[in-house]
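Structure assessment
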Amino acid sequence: MLFPTIDFAIFFAVVFALHWLLNPHRRAWKWFMLTASYVFYAWWDWRLVWLLALVSLIAHAGAVWIEREADDRRRHRRTAVAVAALLLPLAWFKYYGFFALSLANALDAIGVSAPLPLLQLVLPVGISFYTFMAISYVVDVSRLEITPAPWLDVAVYLAFFPHLVAGPIVRGEELLPQVRRERDGGAIDVSRAAWLIFGGLFKKVVVSTFLAAELVDPVFGAPGAHVALEVLVAIYGYAIVIYTDFSAYSDIAIGVASLLGFEFPANFDRPYSATSLRDFWRRWHMTLSRFLRDYLYIPLGGSRRGDARTATNVMVTMLLGGLWHGAGWTFVAWGGLHGLGQVAERHRTRRRVARGRSPEPTTPSEVWIARLATFHLVCLGWVFFRADSLGTAFEVLGRLVTGWGEPAPLVTPLVLLAIVGMLAVQNLPRTPTERLRVGFARVGPVLQGVALALVLFAITTLGPQGVTPFIYFQF
Amino acid sequence: MAIDTRTDELEIAALAAEERVTPPRRNTSSAGSAFVAILVCLGLWALLLAPSLLRDAETGPVGTRRAVALAVLRPLAAVAERLSVDLAAVAVERALGRNPDERPGGRLELPSIELPRATGPEPAEPSPPSGDRRSEDRPPEGTPATESPAPEEPESPDVSIRVPEPGNELRVAVVGDSLSQGLGPAVTELFDPELARVLSLGRQSTGLARLDYFNWRAAMRQLVERFRPDLVFVMIGSNDDQAQIGPDGSAVEVGSTAWVQAYRSRAAQFLREATSAGTRVVWVGIPVVEERARWSFYRRVNGIYRETAEADPLAAYVDAWTLFQPKGGGYSAFLRNERGVLQQMRAPDGVHFTPTGYGYLARTAIRVAGKVFALPPQTVTIRI
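Conventions and cut-offs
- Residues numbered from 1 in each chain as written.
- Chains lettered and ligands numbered in written order.
- Predicted model: local features only at pLDDT ≥ 70, side-chain atom pairs only at ≥ 80, totals over all residues.
- Helix = DSSP H or I, 4+ residues; strand = E, 2+ residues; numbered from the N terminus.
- Buried ≥ 20, exposed ≤ 12 C-beta atoms within 10 Å, placed from the backbone.
- Contact = placed C-beta atoms within 7 Å.
- Pairing = 2+ DSSP bridges.
- Right-handed = clockwise from strand over helix to strand, strands pointing away.
- Expected span 1.5 Å × (residues − 1).
- Arc of directions from axis to C-beta.
- Domains from an automatic or database assignment.
- Nonpolar A, V, L, I, M, F, W, Y, C, P; charged D, E, K, R; others polar.

With that settled, consider the overall build of chain B. Along its length, chain B carries 10 helices and 10 strands. Here chain B, with 384 residues, has 41% of them falling under the buried criterion. Long-range contacts, defined as pairs at least 24 residues apart, comprise 71% of the intrachain contacts of chain B with a sequence gap of at least 6.

So this is what it looks like as structure tokens:
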């Protein structure tokens, strides 16, 4: 079920009412929320529910099994088994096709027929996200940071519909206590929730869909047929498309959870105002950054074993982060670019500190130069991320140096306004929006409903008919 | 992936502390108040948009969902009209430069085009020499076609596509449903932008069955009048497994003889809009799909497209069904291209293509245009 649909609006109105009615009766509430979340997931394909249930079962059984072992080494071994079992479905659905095809073509070259059947497996929506949450849960149990929860709690934790299909990746220690305890039905921050939900709808339905349809898809679909200015603006446009698309989902998820009395961690913090790639990753898909840092980068040794090892750890983390998005060289290039960029930044920072200068840019001009440079590096990465092959990515980049001065019909004032507008809001102070939210919170519920209806009406009217799936559903 | 120069432990501590800071609970509401706000919001929004939602529902596939939506929306639209709140939606639509009365599928958006004076596709000579001549099953450079005889060279110069001149490039369009939306960019990429202007005009969720949603016949007329295309690639029909709604709202049920007759007539009228002005048309059939339950319908409409194209001297048919079947028949997402390389050509939904698959389909369709209509080889970047 997609968030920006009438189906979801009806679903949520019903779930909201029943959620608060059942809130004091925790066991009944857990069964209700589990059922509602499974219905939400089954809207795509009911068979997916079995997979979600299987992952929940492995996570619960694994955590209990790990917790029973007092010896550290044996517990770590059990943890490795549980994590491997959780990763198996993800690896099967995500990488089998790529692996079997590559093997078949390699063997073809030496005249041997393919040993593996070529299966096209449809990646179950959200599998990466709930698998990562399940991994964080069993690892946290193994690290003795949390104790195993009852199976129903684990099932609700993994299936809770606001985060189910595209995050944020919420950790057990954050969500499980909220699942256990009755939510406070008298302290709903409607103003914040509305800001997140309706802001998310605007970003997805109006900005992202418009830029993708009018500029980005045509240019990346046939870069050879577009002039340099169109290609350049399309690259900037894609930076906005992927941000507005993904952050919209996160915002709506956080807003919806907030209406149900749940707190989710933030997932985006104005990423295009970052002054370095490291800063970018503190602001972009923050819960994935945190996951990779805590469950991959730090276990690899983090930054504690010397410069060479740190650089290696950074590269491994970023390359695996790239490959998580899909089995393809474009994602390897994207991850590699971010990894190399961060290694270079570390080197540069050390040199600045050695010369007695601040590690971060300090003067306004330094900050703006750093922001622009970071944004363009990120955009370069997006070219590889968006292109369907390395060839297309290089063709897009190659077009940047040809065809200047020719008419660029896709670069319309509205397209430029959307791009510049979305970039500008990332660099503006938050005070005006805070004031708006406070003002909204002070009016009664009927007036709030009327105001929100008008905003929703405007979003619906401005947006095109139909909603495309969110980009991050495919990951 | 925020990798910091500070020690990891410090960073974790800082982050954890940051997360434990709960936002100040100010100006909060009760669940009851929030529920009132949600209901008012959804109710008023539905009222404001009721006429437009009703129009959308009317163009949905005939079935339970449509029936329920109509049962809810008809009285709501009546209330909206009585209270005149629907006027707000109409005013906004007009302010945005849209026509609130047009079909829910919208209209064909054509870029502003300056056509050279007194140019355009040459009118066709009547009567094709042979029906089979315009039916292509396999790409010319791939495996030889197994079901149709090899195409002959065009006998009439009139079916040849003109050679583009400076300032008067070839005009090409790709039209149809979501399959054509993928084919469009792939075709565009293969034409030389100096010698050909390609418009990718596919529209999602459209077809020939529901002209009440989007009228492709009228759109083709508009395209011919304003763009005067030399060549049009058509790929349509994957959404047409549903009742056809007549101008009076009556439904012709899918599966009936009347449906087939009406559909054949619509396909012929659609094609005539293009070729009567001299445009050459390459009609790409629906490819084999993963879901076998759809095979019977798609094969039937592919038969209609083939017959329709073969009856017109300025049209050629590409049998995408067999083109995308593996050697033993059936369906596979993985197929060999012209060079024998195994590639994933089909998208996970089992209907659409990967970019690689669209590329292969585009090369095939262009080669058919080269063979049947003598498409000037210099206009494309592949060997035809």
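Our next topic: the pairing of strand β7 (residues 280-284) of chain B. Residue and element names in this part refer to chain B. With respect to burial, β7 is a largely interior element, 5 of its 5 residues being buried. Judged by which residues are buried, β7 turns out to be covered on both faces: R280, V282 and V284 on one side and V281 and W283 on the other are all buried. Two elements, strand β4 (residues 231-235) and β7, share 5 bridges in a ladder whose sense is parallel. If you follow V232 over to β7, its bridge partner there is V281. In terms of strand pairing, β7 meets strand β8 (residues 315-318) through 4 bridges, oriented parallel. Bridge pairing in β8 places V282 opposite A316. Handedness of the crossover joining β7 and β8 through helix α8 (residues 295-310) is recorded here as right-handed.

Let us look at helix α1 (residues 6-22) of chain A. Along its 17 residues, α1 of chain A runs 24 Å from first to last C-alpha, staying within 8% of the 24 Å computed at 1.5 Å per residue. Those residues of α1 of chain A lying buried are F12, V15, H19 and W20 of chain A. All buried residues of α1 of chain A fall inside an arc of 115° around its axis, so they share one side. Across from the buried face of α1 of chain A, at angles greater than 90 degrees, the exposed residues are I10 and V14 of chain A. Taken together, the buried residues of α1 of chain A touch α2 (26-42) and α9 (228-259) of chain A together with α2 (31-58) of chain B.

Here we take up the domain arrangement of chain A. Residue and element names in this part refer to chain A. Taken domain by domain, chain A consists of domain 1 (6-180) and domain 2 (190-425). Using C-alpha coordinates to define each centre, domain 1 is positioned 26 Å away from domain 2. With 20 residues of domain 1 in contact, the opposing surface of domain 2 contributes 19 residues. Counting residues per element, the ones that place at least two in the side of domain 1 that touches domain 2 are α1, α4 (72-109), α5 (127-142) and α7 (172-180). In terms of residue count, the dominant contributor to the side of domain 1 that touches domain 2 is α5 (5 residues). Classifying every residue of the side of domain 1 that touches domain 2 gives 12 nonpolar, 6 polar and 2 charged.

Moving on, we come to the environment of S250 of chain A. Residues and elements named next belong to chain A. Examined against the element boundaries, S250 turns out to sit in helix α9. Given 25 C-beta atoms within a 10 Å radius, S250 is considered buried. Spatially, the C-alpha atom of S250 lies 33 Å from that of A228, the residues being 22 residues apart in sequence.

Our focus in this paragraph is the domain arrangement of chain B. When cut into domains, chain B gives domain 1 (31-101) and domain 2 (132-379). Computed from C-alpha atoms alone, the centre-to-centre distance between domain 1 of chain B and domain 2 of chain B is 37 Å.

Of note in the backbone geometry, H285 of chain A takes a positive phi value of approximately 40° without being a glycine. By secondary structure assignment, the location of H285 of chain A is in the loop between α10 (277-283) and α11 (286-300). For H285 of chain A, a count of 22 C-beta atoms within 10 Å corresponds to the buried category. Non-glycine residue S84 of chain B carries a positive phi angle of around 65°. Tracing the backbone shows S84 of chain B in the loop between α3 (64-83) and α4 (86-95). Take S84 of chain B: there are 9 C-beta atoms within 10 Å of it, and that puts it in the exposed class.

Time to look at the interface of chain B and chain A. Listed as interface residues are 52 residues of chain B and, on the opposing side, 65 residues of chain A. The leading source of residues in the side of chain B that touches chain A is α2 of chain B, at 15 residues. Grouping the constituent residues of the side of chain B that touches chain A by class yields 31 nonpolar, 14 polar and 7 charged.

Here we take up the environment of F202 of chain A. Residue and element names in this part refer to chain A. Counting through the fold element by element, F202 comes out in helix α8 (residues 190-221). Expressed as a C-alpha distance, the spacing of F202 and D153, which sit 49 residues apart in the sequence, is 34 Å. Setting aside residues up to four positions removed in sequence, F202 forms contacts with V207 and I459.

On to helix α3 (residues 48-67) of chain A. Residue and element names in this part refer to chain A. Look at α3: 29 Å from first C-alpha to last across 20 residues, which is about the 28 Å you get at 1.5 Å a residue. Those residues of α3 not exposed but buried are L52, V55, S56, A59, H60, G62, A63 and I66. End-on view of α3: buried residues confined to an arc of 165°, all on one side of the axis. Its buried side turned inward, α3 meets α2, α4, α5 and α6 (151-159).

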